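Chain by chain, the residues:
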Amino acid sequence: MNPFNTLHGLVAPLDRANVDTDAIIPKQFLKSIKRSGFGPNAFDEWRYLDRGEPGVDCADRPLNPDFVLNQARYQGASVLLARENFGCGSSREHAPWALEDYGFRAIIAPSYADIFFNNCFKNGVLPIVLPAEVVDRLFKETEASEGYRLTIDLAAQTVTTPTHEVISFEVDGERKHRLLHGLDDIALTLKFTNEIKAYEARRKAEASWLFA
Amino acid sequence: MTAPRTLYDKLWDAHVVHQEANGTALLYIDRHLVHEVTSPQAFEGLKLSGRKLWQAKTILATPDHNVPTTARAAGIVDPVSRTQVETLDANCAELGLNEFRMSDSRQGIVHVIGPEQGFTLPGTTLVCGDSHTSTHGAFGALAFGIGTSEVEHVLATQCLWQTKSQAMLVKVDGDLPAGVTAKDVALAIIGKIGTAGGTGYALEFGGSAIRTLSMEGRMTLCNMAIEAGARAGMVAADEKTIAYVEGRPQAPKGADWEQAVAYWRTLHSDEGAAFAAVVELAAAEIRPQVTWGTSPEMVLSVEDKVPNPADAPNAVKQADWERALAYMGLAAGTPINEIAIDKAFIGSCTNSRIEDLREAAVVARWAVSQGRRVAATVKLAMVVPGSGLVKAQAEAEGLDRDFIAAGFEWRDPGCSMCLAMNADRLEPGERCASTSNRNFEGRQGQGGRTHLVSPAMAAAAAVFGHFVDIREVLQ
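Residues numbered from 1 in each chain as written. Chains lettered and ligands numbered in written order. Predicted model: local features only at pLDDT ≥ 70, side-chain atom pairs only at ≥ 80, totals over all residues. Heavy atoms only, no water.

Asker: Is there a simple way to think about the overall build of chain B in this case?
Answerer: On a plain count of helices and strands, chain B comes out with 16 helices and 19 strands. Its C-alpha atoms give chain B a radius of gyration of 22 Å, near enough to 23 Å, the size a compact globule of 475 residues would have. The long-range fraction of contacts in chain B, counting pairs at least 24 apart against all pairs at least 6 apart in sequence, stands at 76%. Taken as a whole, chain B presents about 15,200 Å² of accessible surface, with 52% of it coming from carbon and sulfur. (Helix = DSSP H or I, 4+ residues; strand = E, 2+ residues; numbered from the N terminus. Rg over C-alpha atoms; globule rule 2.2 N^0.38 Å. Contact = heavy atoms within 4.5 Å. Areas by Shrake-Rupley, 256 points an atom, 1.4 Å probe, with all protein chains shown as cover.)

Next comes the structure, spelled out in structure tokens:
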């Protein structure tokens with residue numbers, strides 16, 4: 001996993017509540033057995049005018065001019081500004097894979113669905129929670145000012161606006177540590193091998209039906 | 001004396017391997033369901049890192065999302081889908097996992113076959129790379145969906161790092177009116193608390209109406225917990241739970257069975273246990289539900305009219321409703337029972353068990369008795385059993401003949417048009433009465449319009465060509 005330290009990135013506003021993971025990456029692209037290459041199909045049904053199919057070169061497909069991410073001013077964005085309950089629905093990790101592959105390293109929203117939120121941290125994408133009124137203000141500032149960029153500092157847990165306003169955010173300490181260092185969860189867990197085996201031995205003794 | 005605990009507390013406490021000071025716990029996972037879509041990258045990760053599988057016996061695998069529901073003997077036509085299923089077969093063979101392949105009579109949707117096999121047991125932790133894993137909470141189990149990184153984590157360690165959620169009690173008391181099912185209860189709850197109402201919570205469904213529900217009904221209810229934002233939903237184990245599990249292929253036997261049952265009888269929230277939130281519904285007030293928009297919370301009763309965005313509670317919701325009505329091709333004020341459909345889908349991990357098919361077959365038999373069948377304006381009405389065993393049971397009861405006589409198609413088991421990863425899908429603009437769980441944009445096919453309903457409501461909509469109040473049909 002890529003570590004996340006600081007990011008100074010162009011912000012793209014996706015002004016919809018309850019954006020689900022089916023919208024972030026439609027089901028036909030889940031047939032891939034790979035972890036990469038989902039970026040061109042991120043938000044496929046909103047982004048293109050034709051029906052997306054796996055294996056088709058997206059460079060030749062007609063873009064939907066009404067979709068916000070297709071606007072010239074948001075090309076190269078790495079911070080996605082979103083509304084409440086972002087990432088709801090399916091548990092597909094292809095959603096953060098697609099966002100990361102597209103170029104987003106951070107998301108700012110008032111709230112997220114649990115599974116999606118968790119999946120982001122496994123893939124070097126930082127989902128930041130800010131109060132709805134602050135997010136609302138960031139939407140207005142982003143839309144009002146072309147080239148609007150935010151600076152995100154994970155160690156300091158701050159988002160800094162172009163006018164040097166510093167907004168603090170909360171993040172779980174363990175998740176922060178793993179993201180800052182790009183740590184492999186499994187390697188860390190395997191340090192508890194003895195405890196896991198002791199647990200199993202105890203459970204086998206007290207609840208053998210579980211292991212029948 | 002220990003303090004009174006919720007069911008969630010009990011399940012959680014029994015599975016903590018290691019507790020960190022910050023509240024994060026390493027939780028032991030007893031059961032792991034695996035399907036073809038969210039597992040290939042996890043198996044690959046395990047292999048690339050040179051790590052070993054922790055315990056093969058805890059895993060049950062089957063392909064379900066990509067499998068065709070017709071002409072299965074010919075194999076999968078789509079080469080990309082075929083590769084994904086073959087990859088699952090190869091991974092399971094290499095690691096010695098128990099897999100029900102596409103040709104196996106026990107193959108089906110993971111959330112149908114787990115309970116059916118006695119793989120899903122009360123008191124266990126159960127995960128799967130699928131959000132509808134909440135289904136298994138119906139057994140008094142802690143079951144939740146995970147991403148592919150966590151699938152790999154469980155393969156390698158049999159554990160997951162988790163932060164404990166808060167417990168929410170959803171209490172439904174009283175008697176459900178005739179024709180009102182667990183699906184209607186689930187949709188009514190989501191309508192009340194919203195699709196994010198359960199975020200950060202583990203839901204426990206309780207109250208006399210829940211106790212009265214069959215195990216199939218409880219599975220339908222817990223299945224939809226994730227549509228209320230909760231990763232896990234659960235129902236206390238009782239004699240119904242125990243009777244359902246007894247004798248199933250992977251259920252404990254002999255002395256193990258006796259020991260298990262004694263423990264399972266403790267799997268309920270203690271008197272006086274504290275919940276962080278309580279939501280109450282009166283069963284008698286729940287009516288047949290139909291979603292009108294593109295989120296499960298956009299739901300009303302069949303007697304209602306499509307709402308006006310001007311009446312939305314706030315500006316964000318108003319914009320949502322406007323977008324939803326435009327996508328759904330509906331005008332505010334249209335009576336729900338005047339909305340005409342193009343297709344009907346009876347199936348999915350929400351509603352493809354034997355009881356669901358029986359409820360839909362009642363409508364099919366009624367139609368035939370009236371000299372009616374699927375309306376001429378309905379292009380396709382399909383019934384997709386949840387597993388090969390559900391299909392066989394339905395055929396033994398003659399339900400397949402009831403459906404076929406009424407003009408429904410009788411298919412092979414799989415996820416099918418719930419998410420349209422196989423060939424079953426809606427074309428742009430087509431409107432579907434569906435017993436599945438998500439009415440998101442494009443969920444059943446790009447541009448498709450989904451209305452979530454119960455099995456009997458879907459069958460009735462197929463016969464009439466538009467939504468009807470099932471209570472009137474059943475009279």
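Asker: Sorry, what's going on with the packing of aromatic side chains here?
Answerer: Two descriptors summarise a pair of aromatic rings, namely the distance from one centre to the other and the angle between the planes of the rings. Applying the stated criterion across every chain yields a total of 21 aromatic pairs over all chains. Ring geometry for Phe192(A) versus Trp161(B): centroids 5.4 Å apart, planes at 75°, classification edge-to-face. Taken as a pair, Phe192(A) in the loop between helix H7 (185-189) and helix H8 (193-206) and Trp161(B) in strand E8 (residues 159-163) lie in two separate chains rather than in one. Overall, the relative accessible area of 12% leaves Trp161(B) in the buried class. One aromatic cluster is present, formed by Phe86(A), Tyr112(A), Phe116(A), Phe117(A) and Phe121(A) through successive ring pairs. If you follow Arg16(A) out to its NZ or CZ, it ends over the ring of Trp46(A), 3.8 Å from the centre. Here the basic side chain of Arg83(A) rests over the ring of Phe139(A), its NZ or CZ set 4.0 Å away from the ring centre. (Phe/Tyr/Trp six-rings, centres within 6.5 Å; stacked < 30°, edge-to-face > 60°. Buried < 20%, exposed > 50% of the residue type's maximum accessible area, 1.4 Å probe, protein only. Lys NZ or Arg CZ within 6 Å of the ring centre and 35° of its normal.)

Asker: How do you make sense of the nonpolar core when you look at a structure like this?
Answerer: Nonpolar side chains tend toward joint burial in soluble globular proteins. By size, the foremost hydrophobic cluster in this structure holds 115 residues, and its most contacted members are Phe43(A), Phe86(A) and Phe408(B). With 8 residues, the top contributor of residues to this core is helix H15 (residues 455-464) of chain B. Residues Phe205(B), Trp257(B), Trp264(B) and Val299(B) belong to the second largest nonpolar core, which totals 91 residues. (Core = buried A, V, L, I, M, F, W, Y, C linked by side-chain atoms within 4.5 Å.)

Asker: Which parts of the structure should I look at to understand unusual backbone geometry?
Answerer: Residues and elements named next belong to chain A. Phi is positive for Asn18, close to 55°, though the residue is something other than glycine. Even without being glycine, Phe43 reaches a positive phi, approximately 55°. Relative to the elements of secondary structure, Phe43 occurs in the loop between helix H1 (21-24) and helix H2 (44-47). Overall, the relative accessible area of 0% leaves Phe43 in the buried class.

Asker: What is the right way to read the pattern of salt bridges from this model?
Answerer: Side chains bearing opposite charge may pair, as long as their charged atoms lie close to each other. A full pass over the atoms with the stated rule returns 48 salt bridges over all chains. The residue Arg92(A) makes a salt bridge to Asp22(A) at a minimum N-O spacing of 3.3 Å. In this pair, Arg92(A) is assigned in the loop between strand E2 (79-81) and helix H3 (94-102) and Asp22(A) in helix H1, connecting sequence segments 70 residues apart. The exposure class of Arg92(A) is buried, given its relative accessible area of 2%. Exposure remark for Asp22(A): the relative accessible area of 3% places this residue in the buried category. A salt bridge links Arg35(A) to Glu152(B), with the nearest nitrogen and oxygen atoms 3.4 Å apart. Residue Arg35(A) is found in the loop between H1 and H2, and its partner Glu152(B) is found in helix H5 (residues 148-157); the two belong to separate chains. (Salt bridge = Lys/Arg side-chain N within 4 Å of Asp/Glu carboxyl O.)

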